Amino acid sequence: MEDWTNAKSPSLDDFERIARDAFASLPAEFRQRVDGVTLAVQEFPDGDVDRDLGLESPFDLLGLFQGAPLAARDSGMSSPTMIFLYRRPILDYWAEHDETLGNIVRHVIVHEIGHHFGLSDADMHRIEGSP
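Residues numbered from 1 in each chain as written. Predicted model: local features only at pLDDT ≥ 70, side-chain atom pairs only at ≥ 80, totals over all residues. Heavy atoms only, no water.

> Explain the pattern of salt bridges here, please?
Side-chain pairs of opposite charge can arise whenever the charged atoms involved come near each other. For the coordinates displayed, the defined rule picks out three salt bridges. A salt bridge links R87 to E43; the shortest N-O distance between them is 2.9 Å. With R87 in helix α5 (residues 87-96) and E43 in the loop between β1 (38-42) and α3 (47-53), the pair connects residues that are 44 residues apart, well separated along the chain. In this structure R87 comes out as buried when scored by relative accessible area, which is 9%. Judged by its relative accessible area of 30%, E43 is partly exposed. Where D48 meets R51, a salt bridge forms, and the shortest distance between an N and an O atom there is 2.5 Å. (Salt bridge = Lys/Arg side-chain N within 4 Å of Asp/Glu carboxyl O. Helix = DSSP H or I, 4+ residues; strand = E, 2+ residues; numbered from the N terminus. Buried < 20%, exposed > 50% of the residue type's maximum accessible area, 1.4 Å probe, protein only.)

What follows is the structure in structure tokens.
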């Protein structure tokens, strides 16, 4: 049995490492959809995101994908492709569910990329189950 007496919650740096490892574990053909993606970890969504999405609580959003639509990317126009992970909402979700933190972070990454590219929930579930 683990001793949690002196355990601390993962820092922003810890989350960045977890996110990089989770992204690297995804199938190559999936990662290639967002070549050059930047993973950014923040405590909560910033005020603009909160306002734009009309969040009732900053805990409502675990992650967010920001990037150019496919048509813009195909035409050579580009803007940075970023996946934001929100540490405190993810920790809150983790505390309420029987899942590992790494699996939750991987799930958020897959879903942020998948929703942006119009993948079905079945497609995303298959990708999440891939080694």
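> Help me out: how do you make sense of the packing of helix α1 (residues 12-24) against helix α6 (residues 101-116) in this one?
Two measures define how a pair of helices packs: the angle their axes make with one another and the distance between the axes. Taken N-terminus to C-terminus, the directions of α1 and α6 make an angle of 65°; their axes are 9 Å apart at the nearest point. The crossing of α1 and α6 is right-handed. Contacts from F15, I18, A19, A22 and F23 of α1 reach α6 at L101, G102, V105, R106, I109 and I113. Considering only residue class, the contact of α1 with α6 consists of nine nonpolar, one polar and one charged. (Axes fitted to C-alpha atoms, helices over the stretch in contact; angles between N-to-C directions. Left-handed = near helix turned anticlockwise from the far one by under 90°. Contact = heavy atoms within 4.5 Å. Nonpolar A, V, L, I, M, F, W, Y, C, P; charged D, E, K, R; others polar.)

> Explain the packing of aromatic side chains here, please?
All told, the structure shown has two aromatic pairs when counted by the stated rule. Ring centres of F44 and F59 lie 5.1 Å apart, and the angle between their planes is 85°; on these two criteria the pair is classed as edge-to-face. Placement of F44 in the loop between β1 and α3 and of F59 in the loop between α3 and β2 (63-66) is noted, with a sequence separation of 15 residues between them. Residue classification places F59 among the partly exposed positions, given a relative accessible area of 32%. An angle of 5° between the planes, with centres 6.5 Å apart, marks the rings of F84 and Y86 as stacked. Across this residue pair, the class does not change: F84 and Y86 are buried. (Phe/Tyr/Trp six-rings, centres within 6.5 Å; stacked < 30°, edge-to-face > 60°.)

> Where do I start with the side chain of R106 in this structure?
Looking at where R106 falls in the secondary structure, it is placed in helix α6. When its relative accessible area of 9% is taken as the criterion, R106 is described as buried. One polar contact links R106 to S25, side chain to side chain, over a distance of 2.8 Å. If sequence neighbours within four positions are ignored, R106 has contacts with A22, S25, L26, P27, I127, E128, G129 and S130. (Polar contact = N/O pair within 3.5 Å; in protein donor to acceptor, adjacent residues only side chain to side chain.)

> Is there a simple way to explain α1 in this structure?
Residue pairs three or four apart in sequence face the same way in an α-helix, which turns once every 3.6 residues. With 13 residues, α1 extends 18 Å between its outermost C-alpha atoms, agreeing within 8% with the 18 Å of an ideal straight helix rising 1.5 Å per residue. For α1, the full list of buried residues reads F15, I18, A19, A22 and F23. Down the axis of α1, the smallest arc covering the buried residues is 130°, so these residues share one side. Counted as exposed and oriented over 90 degrees from the buried face of α1: D13 and A24. In this structure, the buried residues of α1 make contact with α2 (28-31), β1, β3 (82-86), α5 and α6. Where α1 begins, the side chain of S11 points an oxygen toward the backbone nitrogen of D13, at a separation of 3.3 Å. (Expected span 1.5 Å × (residues − 1). Arc of directions from axis to C-beta.)

These figures capture arrangement, not role.
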